[in-house]
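This is what each chain is made of:
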Amino acid sequence: MAIKFILSDYVDRAIAQAIYDKLEDGTFTGRIPVCKGVIAFASTLRECENELRSTLEDWILLGLKLGHSLPIIDNIDLNKEPTLEPMDTL
C-alpha cells in the first residue's frame, strides 16, 4: 500500500496503537507507548482520543523542529531527509 499523505498516515497509525484506560474518578487517559511522553487526559473517551491526537501532532512537530529521532511506525520514517525533484520534471 502506497503512502499518500505521510504525516496523516503516521498520525493515524500511531493513534491506532493508543492505549486508553478509565480512571477511578471516571475520566480517561490515553497514551501511545512507542511515542514517549505522548499522554492525554479527558472526561470522556472521545475527548481523550481528540486530546491524544492533538498532543501527538504537537509532539511530532516539535520533534521535527528540534531534530529529535522519531519512532518508525508501520514502516513510516519521518526521520529521512526529504528528496527534492527538479522543477523541470513537472
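Residues numbered from 1 in each chain as written. Predicted model: local features only at pLDDT ≥ 70, side-chain atom pairs only at ≥ 80, totals over all residues. Heavy atoms only, no water.

Peer 1: So, the environment of Ser54: which residues are in play, and what are the values?
Peer 2: Note that Ser54 resides in helix 2 (residues 45-66). Judged by relative accessible area, which is 32%, Ser54 ranks as partly exposed. In the structure, Ser54 is positioned 16 residues away from Val38 in sequence and 9.8 Å away in space, judged by C-alpha atoms. (Helix = DSSP H or I, 4+ residues; strand = E, 2+ residues; numbered from the N terminus. Buried < 20%, exposed > 50% of the residue type's maximum accessible area, 1.4 Å probe, protein only.)

Peer 1: Would you mind going over a nonpolar patch on the surface in detail, with residue names and values included?
Peer 2: Among the surface-exposed residues, Ile6, Leu7, Leu61 and Leu64 lie close enough to one another that they form a single nonpolar patch of about 340 Å² accessible area. When contributions to the nonpolar patch are tallied by element, the ones reaching two or more residues are helix 1 (6-15) and helix 2. (Patch = residues over 30% accessible without salt bridge, like charges linked within 9 Å, V, L, I, M, F, W, Y side chains within 5 Å. Areas by Shrake-Rupley, 256 points an atom, 1.4 Å probe, with all protein chains shown as cover. Salt bridge = Lys/Arg side-chain N within 4 Å of Asp/Glu carboxyl O.)

Peer 1: Now, about the environment of Val11: what can you tell me, with residues and values included?
Peer 2: Mapped onto the fold, Val11 is located in helix 1. Residue classification places Val11 among the buried residues on the basis of a relative accessible area of 5%. For Val11 and Asp58, which are 47 residues apart along the polypeptide, the C-alpha to C-alpha distance reads 11 Å. Excluding its chain neighbours within four sequence positions, the residues that come into contact with Val11 are Arg53, Leu56, Glu57 and Ile60. (Contact = heavy atoms within 4.5 Å.)

Peer 1: Any chance you could break down the sheet that holds strand 1 (residues 19-22) for me, citing the residues and the numbers?
Peer 2: Each strand in a sheet pairs with another by means of backbone hydrogen bonds, the pair being arranged parallel or else antiparallel. The 3 strands lie next to each other as 1-2-3, forming an open sheet whose pairing is antiparallel. Because the sheet does not close on itself, it has two edges, and the strands there are strand 1 and strand 3 (39-42). When the angles between neighbouring strand axes are averaged without regard to direction, this sheet yields 15°. Taken together, the 4 bridges between strand 1 and strand 2 (residues 28-31) define a ladder with antiparallel strand orientation. Looking across to strand 2, one finds that Ile19 is bridged to Arg31. Here helix 2 sits on the sheet in contact with strand 1, strand 2 and strand 3, set at roughly 150° to strand 3. (Pairing = 2+ DSSP bridges. Axes fitted to C-alpha atoms, helices over the stretch in contact; angles between N-to-C directions.)

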